[in-house]
Amino acid sequence: MRKFMNREEAFTGLEAAIVLIAFVVVAAVFSYVVLGAGFFTTQKSQEVVSSGVAQASSSLEILGDVYGHGSGNTLNAVQFTVGLTAGGTAMDINKTTIVWSTSEVVETLVYLGNTTSVSAGQWAIIEQVNDDGDYLLEDYEQFVIKAMPSTAVGVNTDFKCELRPAVGASIAIDEKVPPQIDTVMDLTR
């Protein structure tokens with residue numbers, strides 16, 4: 001008599017196809033996840049680079065000389081003209097702050113907008129050249145700014161008037177009050 005043994009000799013074709021399809025599906029899902037993560041990372045890297053370039057570069061520059069307004073033995077205000085750098089992007093001047101500092105005082109001046117009447121502790125746009133009526137500094141436009149600290153600055157005193165735009169690097173006017181004060185004087189060294 002013969003005994004029948006239960007033998008499993010090999011996969012059938014159908015079983016092999018099912019295993020193969022399972023491996024292909026798992027590999028496809030894995031590669032999709034890896035590619036998606038790679039694309040996401042690349043996009044975030046591009047955003048960081050473009051944001052860093054925008055923050056590091058300044059679109060503002062001082063055009064011409066810096067003038068001081070004084071009386072007696074004190075400097076009361078400075079006046080200067082700003083414009084865009086070559087290839088600079090338009091800048092909303094309303095979002096710019098000015099910080100005035102000496103060795104004894106650091107203060108943020110109050111922005112008044114467009115006016116010729118500037119008092120202590122304030123700054124304003126006193127003239128707009130080639131403008132289109134808004135406060136967006138664009139190509140070929142120039143804004144004349146007058147800044148007046150709360151405390152007048154004495155002779156031979158170093159001071160810094162720093163413009164801090166909302167986006168981009170700040171620009172500093174770093175000067176020294178001359179030994180002789182005139183009503184209007186050129187402070188550019």
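First, a word on scope: everything that follows refers to the structure included in this document. (Residues numbered from 1 in each chain as written. Predicted model: local features only at pLDDT ≥ 70, side-chain atom pairs only at ≥ 80, totals over all residues. Heavy atoms only, no water.)

**Comments concerning the side chain of Q122**
Note the cut-off: Strands here mean DSSP runs of E at least two residues long; helices mean DSSP runs of H or I at least four residues long; both are numbered from the N terminus. N or O atoms within 3.5 Å of each other form a polar contact, as long as, within protein, one can give a hydrogen and the other can take it, and as long as residues adjacent in sequence are counted only when both atoms are side-chain atoms. Here, residues are in contact when the closest pair of their heavy atoms is within 4.5 Å.
Within the secondary structure layout, Q122 lies in strand 6 (residues 122-129). In terms of polar contacts, Q122 uses its side chain to reach the backbone amide nitrogen of S119, at 2.9 Å. Setting aside chain neighbours within four positions, we find Q122 in contact with L109, V110, L112, K146, A147 and M148.

**Side note on the environment of A172**
Residue placement: A172 occurs in strand 11 (residues 171-176). Other than its neighbours up to four places away in sequence, A172 contacts K160, C161 and E162.

**What about the side chain of K146?**
Heads up, the rule is: Only protein chains enter the area calculation, which uses a 1.4 Å probe; residues under 20% of their type maximum are buried, those over 50% are exposed, and those in between are partly exposed. Charged residues are defined here as Lys and Arg on the positive side and Asp and Glu on the negative side; His and the ends of the chain fall outside this count. Within this document, salt bridges are pairs made up of a side-chain nitrogen of Lys or Arg and a carboxyl oxygen of Asp or Glu, the two lying within 4 Å of each other.
By secondary structure assignment, the location of K146 is in strand 8 (residues 142-148). Buried within the structure, K146 lacks any salt-bridge partner; its nearest side chain of opposite charge belongs to E127, at an N-O separation of 12 Å. Look past the residues within four positions of K146 in its chain and what remains in contact with it is H69, A77, V78, Q79, V118, Q122, W123, A124 and I126.

**What to know about unusual backbone geometry**
In this model, Y140 sits at a positive phi of 70°, which is unusual for a non-glycine residue. By secondary structure assignment, the location of Y140 is in the loop between strand 7 (136-137) and strand 8. You will see that N156, though not glycine, has its phi angle at about 55°, which is positive. Among the residues examined, N156 registers a relative accessible area of 44% and is labelled partly exposed.

**Some details on a nonpolar patch on the surface**
This is how it is decided: Like-charged residues within 9 Å of one another, or nonpolar side chains (Val, Leu, Ile, Met, Phe, Trp, Tyr) within 5 Å, are grouped into patches, provided each residue has over 30% relative accessible area and no salt bridge. For the area figures, the Shrake-Rupley method with a 1.4 Å probe applies, and any residue is considered shielded solely by the protein chains shown.
On the surface, a nonpolar cluster with roughly 540 Å² of combined accessible area is contributed by I21, V25, V29, Y32 and V33. Along the polypeptide, Y32 turns up in helix 1 (residues 13-56).

**Remarks on the pattern of salt bridges**
This model, assessed by the stated rule, comprises one salt bridge. We note a salt bridge from E162 to R164, for which the minimum N-O separation is 3.2 Å. Taking relative accessible area as the criterion, E162 reaches 16% and is therefore assigned buried.

**Quick notes on the pairing of strand 6**
In regular strands, side chains alternate between the two faces of the sheet. Selection rule: Pairing between two strands requires that DSSP report at least two bridges joining them.
Alignment of strand 5 (residues 106-114) against strand 6, held across three bridges, turns out to be parallel. Bridge assignment links N114 to a residue of strand 6, and that residue is I125. Judged from the seven bridges that link them, strand 6 and strand 8 form a sheet pairing that is antiparallel. What sits directly across from Q128, in strand 8, is F143.

**Concerning the nonpolar core**
To be explicit about the condition: Buried Ala, Val, Leu, Ile, Met, Phe, Trp, Tyr and Cys residues form a nonpolar core when they are joined through side-chain atoms within 4.5 Å.
If you look at the biggest cluster of nonpolar residues, it comprises 28 residues, and the most contacted ones within it are L75, V78, F80, V82, I98, C161 and L163. Going through the elements one at a time, strand 1 (60-71), strand 2 (74-84), strand 4 (97-101), strand 6, strand 8, strand 10 (158-164) and strand 11 are the ones with two or more residues in this core. Among residues more than four places away in sequence, those in contact with C161 are V78, F80, I98, V99, W100, A147, I171, A172 and I173.

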